[in-house]
Amino acid sequence: MITQNSVKQESAIETPKVSVCDIMKNNTSMMIHKMETEVPTYMQLYSDLYTKYLEMFDDLFGTCYISEKQFFDKLGLDQITLKTINNFWKTMSENYNTQIDISTNFLKSYVQIRISAIESYEEYMKILMDSYSKTLFEINKFTKFSNVNKDN
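Keep in mind that this is a model prediction, so the values were computed, not measured.

Regarding helix H2 (residues 20-75)
(1) Moving on: Taking 1.5 Å of rise per residue, 56 residues should cover 82 Å, and H2 covers 77 Å from first to last C-alpha, within 8% of that figure.
(2) Moving on: At Glu-68, H2 shows its largest bend, some 50 degrees.
(3) Moving on: One or two steps after H2, the chain reaches Gly-76, where phi turns positive at roughly 75 degrees.

Some words on the layout of surface pockets
(1) Moving on: Each pocket or cavity is described by its volume, and for the largest pocket that value is around 360 Å³.
(2) Moving on: Cys-21, Asp-22, Met-24, Lys-25, Ile-118, Tyr-121, Glu-122, Met-125, Lys-126 and Met-129 together form the lining of the largest pocket.
(3) Moving on: Elements with a contribution of two residues or more to the lining of the largest pocket: H2 and helix H3 (79-151).
(4) Moving on: No other element matches H3, which puts six residues into the lining of the largest pocket.
(5) Moving on: Across the lining of the largest pocket, the residue classes tally to six nonpolar, no polar and four charged.

What about the pattern of salt bridges?
(1) Moving on: Counted under the stated rule, the structure contains six salt bridges.
(2) Moving on: When salt bridges that share partners are traced, they join Glu-122, Glu-123 and Lys-126 into one network.

A few points about the confidence of the model for the protein
(1) Moving on: Summarising the model, the protein shows a mean pLDDT of 85, and 87% of its residues fall at 70 or more.
(2) Moving on: For the protein, the element scoring lowest by mean pLDDT is helix H1 (residues 4-12), at 56; H3 scores highest, at 90.

Here's the deal with the packing of aromatic side chains
(1) Moving on: The tally for this structure, following the rule as stated, stands at five aromatic pairs.
(2) Moving on: Plain terms: the ring middles of Phe-57 and Phe-61 are 6.0 Å apart, the flat faces sit at 15 degrees to each other, and that makes the pair stacked. Of this pair, Phe-57 and Phe-61 both sit in helix H2, separated by four residues, roughly a single helical turn.
(3) Moving on: When its relative accessible area of 45% is taken as the criterion, Phe-61 is described as partly exposed.
(4) Moving on: With a centroid separation of 5.4 Å and an interplanar angle of 75 degrees, the aromatic rings of Phe-88 and Trp-89 are classed as edge-to-face.
(5) Moving on: Cluster of aromatic residues (ring-pair linked, three or more members): Tyr-46, Tyr-50 and Tyr-53.

Conventions we followed
- One numbering rule holds for all chains: residues counted from 1, following each sequence as written.
- Thresholds applied to this predicted model are a pLDDT of at least 70 for local features of residues and 80 or more for the giving and counting of side-chain atom pairs; totals over whole chains, interfaces and linings are not thresholded and use all residues.
- Side-chain descriptors were evaluated using all non-hydrogen atoms of the structure, hydrogens and water having been removed beforehand.
- The helix count covers DSSP runs of H or I at least four residues long, the strand count covers runs of E at least two residues long, and both are numbered beginning at the N terminus.
- By this rule the span expected of a helix is its residue count minus one, scaled by 1.5 Å.
- To obtain the bend at a residue, axes are fitted to the seven residues ending there and to the seven starting there, and the angle between these axes is taken.
- A 1.4 Å probe that fits but cannot get out identifies a cavity on a 1 Å grid over protein atoms alone, an open set with protein on both sides within 12 Å along at least five of seven lines counts as a pocket, and a residue lines either if it has an atom within 4 Å of a point.
- Grid points are joined across faces, edges and corners, and a volume is the space filled by probe spheres set on the points.
- Ten residue types, Ala, Val, Leu, Ile, Met, Phe, Trp, Tyr, Cys and Pro, are classed as nonpolar, four, Asp, Glu, Lys and Arg, as charged, and the remainder, Gly among them, as polar.
- We count a salt bridge whenever a side-chain nitrogen from Lys or Arg sits within 4 Å of a carboxyl oxygen from Asp or Glu.
- How sure the predictor is of each residue is captured by pLDDT, a score from 0 to 100.
- Two rings from Phe, Tyr or Trp (for Trp, the six-membered ring) form a pair when their centres are within 6.5 Å of each other. A pair whose planes differ by under 30 degrees is stacked, one over 60 is edge-to-face, and the rest are tilted.
- The buried label applies to any residue whose accessible area, calculated with a 1.4 Å probe on protein chains only, is under 20% of its type's maximum; exposed applies above 50%, and partly exposed to all values in between.

Following this line, the structure appears as structure tokens:
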């Protein structure tokens, strides 16, 4: 049986007040922090993936040397042809490396632009919130003034 005394005691225990800003800030911060804590895991996973690629290609080309001795040497490919093929693949590799550099630089620029946009947005929101706060202050001042006049 619930007595009035126990109900009064429960209502006397105040729960902390939460604002809309607290709700949005805390939940947003929690999600971004979670994403940030996962970055090392993502980096390790990609590192493991590329390590596996390197191991696989090292094994594959190790096998290639054996095959070359058994098959390609018997074809009698001359060194000029092999050097031409080598130059072609060097050019392709250099092009690929250039593309990696371009992609990396693009990502750096993209992130810097986003950071700059966030900073600009933050400044804009500070100005907006300051204006909003001043407007609410004036409304509250007017409301208090109106309530004082009603009492008289």
